[in-house]
Amino acid sequence: MIHMAGVSKIYASGLVALDDISIAIEKGDFVFLVGPSGAGKSTFVKLLFREELPTSGTIYVNGRDVAGLEPSEVPYLRRGLGIVFQDFRLLPNKTVYENVAFAMEVIEAPRREIQKRVNHVLDLVGLRHKARTYPAHLSGGEQQRVAIARAIVNNPAVVIADEPTGNLDPDTSWEIMKIFERINKNGTTMVMATHDKMVVDGMKKRVIAIEQGRIVRDQEGGQYGYEN
Amino acid sequence: MRIRTFEYFVREALSSLRHNGLMSIASVSTVALSLLILGMFLIMVLNLNHMASALESQVQISVYLQDNLGDRDMREVGTRITKIPGVVQVTFVDKDEALTRFKQRLGEQQGLLAVLGDTNPLPNAFEVKVDKPESVKPVAQAVAQLKGVENARFGQEIIEQLFTLTRLIRLIGLALIIFLALAALFIIANTIRITVFARRKEIGIMKYVGATDAFIRWPFVIEGMILGSAGSLIAVFLLVEAYTVLTEQIYQKLVFLPLIPKYPFLNYISILLVVAGTIIGALGSTISLRRFMKV
């Protein structure tokens, strides 16, 4: 599903964010990316959806050569991915329903399909009853659940989450992780960069630790391994 | 493009216009003002052109013949004039006809002619029309050389002054029109840039969920086109009203001033301005989007 070979990323400032990374993440995997701040987790995640280009090496996501894509092909790469951010990134002037439907409207899905899918994913994250609510009236956990609903509404093969519980309290974080687990059980690959020790230790999934741009640990059923 | 998608674009454009209500009003008025001035100059330049060419076409050479010529000699002079390059029309005006015309021109004062009794002091003449104003002078000189011609007259200075004036006005008008079109373009580009900036979060999300650049661009382009065409419609409305009043006033007071009639002239101007406004709007938003699209 995700294959990296000899990937390095050196920013224009000279900062080496990733140094010769090679990794394989298979379909249905649930992977935590852990490591100290500035170790390269964010860069790793951004390379997957072509927010950044690698300085060298090859990246395959969903069978696409990410680094070799024409700019005009990038939208089609992203349609196969669901992306969740720490700060939710919901549109304040759209309701919960509209925020989720938006992801399908922009890829020109038929209206009936949109209705069906949006209601389905809102059920999945337990927010069907808040469909007409605006984000400002939701708690942080609820907003993140809307963002997750939006990320999965187009049935992506991979969900990429960058610190999705960073702004949430432990109970809410745990709820969010249960939702991710359910999504993963349906066959969706999960890649999640996190600082959340409780989440990583509790979930017992594959853990990839990055330090100074290199993979220092890749362990099935791993622990967070750092003191917060 | 699906019809539903197009509806979506228009809906987004309209909601964005509503959202930035004040800014939208401001840019519609600036566009209206620019296009109004542009339209005013266009109408002015075209009218001056019209007047100039009306006057230019009226300029003709009067060729007066010597009094002692017979019919054959006069015909001979006529054919020779016709052969001069630049001549398009030669009309013979015999002395009787000249007198009748003169009487008509005098109107109520034609009693003055009674002193002439039965004599007619006017010469036989040819009226010569030429293909372009530049030809008047050389043709007149050539005609004056012909045997049997007393003299050849034309309004030389008027023509030459008119000539420089129209050229100058055309040039200034063109420069102003280009300048104002650029100003309108700049204003719309700025307005769209503000709405794009206000919606950069939304654009970012659209990119993350896989919207194509074209899809993201369209609502803004439509918004720009709405701004541009709305502004141009206001400008057209004001111009039509103003021109109507102006032509009525001028027809009443200055009968001889040859203004271009309202129809179909104003229709063309209106279509031109609306098309220009819409294109300027679309172009303006394309310009301001170009930088924002790189996410």
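The structure we're discussing is the one just above.
Residues numbered from 1 in each chain as written. Chains lettered and ligands numbered in written order. Predicted model: local features only at pLDDT ≥ 70, side-chain atom pairs only at ≥ 80, totals over all residues. Heavy atoms only, no water.

Turning next to the overall build of chain A. Regarding its fold elements, chain A presents seven helices and 10 strands. Residues classed as buried in chain A amount to 54% of the 228 residues present. Expressed as a percentage of contacts within chain A between residues at least 6 apart in sequence, the contacts between residues at least 24 apart total 67%. Surface exposure of chain A reaches about 9,800 Å², of which carbon and sulfur atoms provide 47%. (Helix = DSSP H or I, 4+ residues; strand = E, 2+ residues; numbered from the N terminus. Buried < 20%, exposed > 50% of the residue type's maximum accessible area, 1.4 Å probe, protein only. Contact = heavy atoms within 4.5 Å. Areas by Shrake-Rupley, 256 points an atom, 1.4 Å probe, with all protein chains shown as cover.)

Note on aromatic pairs: each is described by the distance of the centres and the angle between the planes. Per the counting criterion, the structure on display carries 11 aromatic pairs over all chains. In textbook terms, an aromatic cluster arises when at least three aromatic residues are bridged by ring pairs, as seen for Tyr8, Phe9, Phe215 and Trp218 of chain B. Over the aromatic face of phenylalanine 85 of chain A sits the side chain of arginine 89 of chain A, whose NZ or CZ is 3.8 Å from the ring centroid. Directly above the aromatic system of phenylalanine 197 of chain B lies the positively charged group of arginine 200 of chain B, at a separation of 4.0 Å from the ring centroid. (Phe/Tyr/Trp six-rings, centres within 6.5 Å; stacked < 30°, edge-to-face > 60°. Lys NZ or Arg CZ within 6 Å of the ring centre and 35° of its normal.)

We now examine helix α5 (residues 140-152) of chain A. Along its 13 residues, α5 of chain A runs 19 Å from first to last C-alpha, staying within 8% of the 18 Å computed at 1.5 Å per residue. Within α5 of chain A, 12 of the 13 residues are buried, leaving the element largely enclosed by the surrounding structure. Residues of α5 of chain A that are buried include every one of Gly141, Glu142, Gln143, Gln144, Arg145, Val146, Ala147, Ile148, Ala149, Arg150, Ala151 and Ile152 of chain A, and no others. Buried residues belonging to α5 of chain A abut β6 (81-85), α3 (96-105), α4 (111-124), β7 (158-162) and α6 (170-185) of chain A together with α7 (200-208) of chain B. (Expected span 1.5 Å × (residues − 1).)

Another point: the packing of α3 of chain A against α5 of chain A. All names here are of chain A. Close contact between α3 and α5 brings their axes to 8 Å; oriented N to C, the two are set at 30 degrees. Of the possible angle classes, the one that applies to α3 and α5 is roughly parallel. Crossing of α3 over α5 shows right-handed handedness. Each of Val96, Asn99, Val100 and Ala103 in α3 lies in contact with α5, whose residues at this interface are Val146, Ala149 and Arg150. Looking at the contact of α3 with α5 residue by residue, the classes come out as five nonpolar, one polar and one charged. (Axes fitted to C-alpha atoms, helices over the stretch in contact; angles between N-to-C directions. Parallel < 35°, antiparallel > 145°, perpendicular 65-115°, else oblique. Left-handed = near helix turned anticlockwise from the far one by under 90°. Nonpolar A, V, L, I, M, F, W, Y, C, P; charged D, E, K, R; others polar.)

Quick look at the sheet that holds strand β4 (residues 149-153) of chain B now. All names here are of chain B. The four strands are arranged β2-β3-β1-β4 in an open sheet whose pairing can be described as antiparallel. In this open sheet, the two edge strands, each paired with only one partner strand, are β2 (87-93) and β4. Each strand of the sheet is rotated relative to its neighbour by a mean of 20 degrees, with strand direction disregarded. With four bridges connecting them, strand β1 (residues 61-65) and strand β3 (residues 125-130) associate as antiparallel partners. By the bridge assignment, serine 62 is partnered in β3 with glutamate 127. (Pairing = 2+ DSSP bridges.)

This part takes up the sheet that holds strand β2 (residues 16-25) of chain A. The pairing of strands in a sheet comes from backbone hydrogen bonds and takes either a parallel or an antiparallel form. All names here are of chain A. Strand order in this open sheet of four strands is β2-β1-β4-β5, and the pairing throughout is antiparallel. Each edge of the open sheet carries a strand with a single partner, namely β2 and β5 (64-65). For strand β4 (residues 56-61) and β5, the ladder comprises two bridges, and the chain directions are antiparallel. Bridged to valine 61 within β5 is arginine 64. Of the strands in this sheet, β1 (2-10), β2 and β4 touch helix α1 (residues 41-48), which is tilted by about 60 degrees from β2.

Now for the interface of chain A and chain B. If you look at the interface, chain A gives 24 residues, while chain B gives 20 residues. Regarding the contact of chain A and chain B, the summed buried area is about 2,000 Å², with carbon and sulfur atoms giving 55% of it. Among the residues chain A hides against chain B, the three largest losses belong to Arg78, Val106 and Glu108 of chain A. Together they make up 27% of the total. Run the count over chain A and chain B and you get one salt bridge. (Buried area = accessible area lost by both parts, 1.4 Å probe. Salt bridge = Lys/Arg side-chain N within 4 Å of Asp/Glu carboxyl O.)

Residue and element names in this part refer to chain A. Using the criterion set out here, one finds 15 salt bridges over all chains in the structure. For the salt bridge of arginine 145 with glutamate 175, the shortest nitrogen-to-oxygen distance reads 3.4 Å. On the criterion of sequence distance, the pair formed by arginine 145 in helix α5 and glutamate 175 in helix α6 is long-range, its members being 30 residues apart. Under the relative-accessibility criterion, arginine 145 is labelled buried at 14%. Owing to a relative accessible area of 40%, glutamate 175 belongs among the partly exposed residues under this scheme. Between glutamate 181 and lysine 205 there is a salt bridge whose closest N-O contact spans 3.5 Å. Of this pair, glutamate 181 sits in helix α6 while lysine 205 is found in the loop between α7 (197-203) and β9 (206-211), placing the two residues 24 residues apart along the sequence. Here the two residues glutamate 181 and lysine 205 agree in accessibility, since each one is buried. Linked by salt bridges that have partners in common, Asp29, Arg206 and Asp218 make up one network.

Don't take any of this as a statement about function, it's just geometry.
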